[in-house]
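# Chain and residue survey
The primary structure of each chain is shown beneath.
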Amino acid sequence: SATGMVLLRHAEELQRRGHRVVCVVPADRGDSLKSTSFVTRPNISYKARKLHNILRGGMVPVRCPWLQAAYPVPILEVPDLSPRHIPDGDALIAGSAWMLEAVAGYPPAKGRLFYLIQAYELEAEVNRRRYMLPVRLIAVSSSLRDRITRTVGIRDIAVVNNGVDLDLFTPDGR
């Protein structure tokens, strides 16, 4: 997804600057956070991925040649977002609002908690509640930050603009 690619680009830059970075992807894609039983959930592919992941030990490197060529950052698939499957670190950056419910309760050893907001998503009341959790919010633009502030009154939102890879995007002819 585009959201994932932006996070990988940030992870790659942090790694280039000397940080140890690991991207974590839940095999169940958030199903463990839903209130319905795992057995009754309709998504068979996620159930199979989660079972396969658990059988392989719970932290499985993702093998995807084109993705690894584009973003040489380690990516681990974990059964779900429970703290026991998340490596300890200095910082943890959530990539989707639904992840905030899981990461907000993590112990301090998992790192300082952040959420990189890439789009306006406050039409849903559940996301308004999620934004109030103890996670530092980062918006990808000042206009997005300002819109969130007007909607829910949160003023302490950092801005980290998406970068532009000038090797890919050049203003030729301008």
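Quick note: structure is the one above.
Residues numbered from 1 in each chain as written. Predicted model: local features only at pLDDT ≥ 70, side-chain atom pairs only at ≥ 80, totals over all residues. Heavy atoms only, no water.

Attention now goes to the layout of surface pockets. Taken as a whole, the second largest pocket holds about 280 Å³ of empty space. Around the second largest pocket, the lining residues are Met 5, Val 6, Arg 9, His 10, Glu 13, Tyr 71, Asn 162, Gly 163, Val 164, Asp 165, Leu 168 and Phe 169. Of the residues belonging to the lining of the second largest pocket, the class tally is 6 nonpolar, 3 polar and 3 charged. (1 Å grid on protein atoms, 1.4 Å probe; cavity = no way out; pocket = protein on both sides within 12 Å on 5 of 7 lines; lining within 4 Å. Points joined across faces, edges and corners; volume = space filled by probe spheres on them. Nonpolar A, V, L, I, M, F, W, Y, C, P; charged D, E, K, R; others polar.)

With respect to the secondary-structure elements, Lys 110 resides in the loop between helix H4 (100–103) and strand E5 (112–117). Polar contacts involving the side chain of Lys 110 include one to the side chain of Asp 88, which spans 2.9 Å. Contact partners of Lys 110, with chain neighbours within four places excluded, come to Pro 83, Ile 86, Pro 87, Asp 88, Gly 89, Ala 91 and Leu 92. (Helix = DSSP H or I, 4+ residues; strand = E, 2+ residues; numbered from the N terminus. Polar contact = N/O pair within 3.5 Å; in protein donor to acceptor, adjacent residues only side chain to side chain. Contact = heavy atoms within 4.5 Å.)

Inside soluble globular proteins, nonpolar side chains tend to come together where they are buried. With 31 residues, the main nonpolar core has Val 103, Tyr 115, Tyr 131 and Ile 148 as its most contacted residues. Contributing elements (two or more residues each) for this core: strand E4 (91–94), H4, E5, strand E6 (136–139) and helix H6 (142–152). Look past the residues within four positions of Tyr 115 in its chain and what remains in contact with it is Ala 94, Gly 95, Ser 96, Ala 97, Leu 100, Glu 121, Tyr 131, Val 135, Arg 136, Leu 137 and Ile 138. Counting residues in each nonpolar core, the second largest holds 7 residues, with Ala 11, Val 21, Tyr 71 and Val 73 among its members. (Core = buried A, V, L, I, M, F, W, Y, C linked by side-chain atoms within 4.5 Å. Buried < 20%, exposed > 50% of the residue type's maximum accessible area, 1.4 Å probe, protein only.)

As a further point, take the packing of aromatic side chains. Under the criterion given, the structure shown has 1 aromatic pair. On the basis of an interplanar angle of 75° and a centroid distance of 6.0 Å, the ring pair of Tyr 115 and Tyr 131 is categorised as edge-to-face. Taken as a pair, Tyr 115 in strand E5 and Tyr 131 in the loop between helix H5 (125–130) and E6 lie far apart in primary sequence, 16 residues in all. Tyr 131 matches Tyr 115 in its accessibility class, with the two residues each being buried. The ring of Tyr 120 carries the charged tip of Arg 147 above its face, separated from the ring centre by 3.6 Å. (Phe/Tyr/Trp six-rings, centres within 6.5 Å; stacked < 30°, edge-to-face > 60°. Lys NZ or Arg CZ within 6 Å of the ring centre and 35° of its normal.)

It is worth spelling out the environment of Arg 145 at this point. Looking at where Arg 145 falls in the secondary structure, it is placed in helix H6. Measuring from C-alpha to C-alpha, the distance between Arg 145 and Ala 158 comes to 7.7 Å, with 13 residues separating the pair along the chain. Leave out the neighbours within four places in its chain, and Arg 145 touches Ala 139, Ile 157 and Val 159.

Glancing now at the pairing of E4. Side chains Leu 92 and Ala 94 of E4 all project onto a buried face; the interleaved residues Ala 91 and Ile 93 project onto a face where none is buried. Sheet analysis places E4 next to E5, joined by 4 bridges and oriented parallel. Bridge pairing in E5 places Leu 92 opposite Leu 113. (Pairing = 2+ DSSP bridges.)

With that out of the way, let us pick up a nonpolar patch on the surface. Together, Val 164, Leu 166, Leu 168 and Phe 169 make up an exposed nonpolar region whose accessible area comes to about 460 Å². Locating Leu 166 in the fold gives a position in the segment after strand E7 (157–159). Exposure remark for Leu 166: the relative accessible area of 58% places this residue in the exposed category. (Patch = residues over 30% accessible without salt bridge, like charges linked within 9 Å, V, L, I, M, F, W, Y side chains within 5 Å. Areas by Shrake-Rupley, 256 points an atom, 1.4 Å probe, with all protein chains shown as cover. Salt bridge = Lys/Arg side-chain N within 4 Å of Asp/Glu carboxyl O.)

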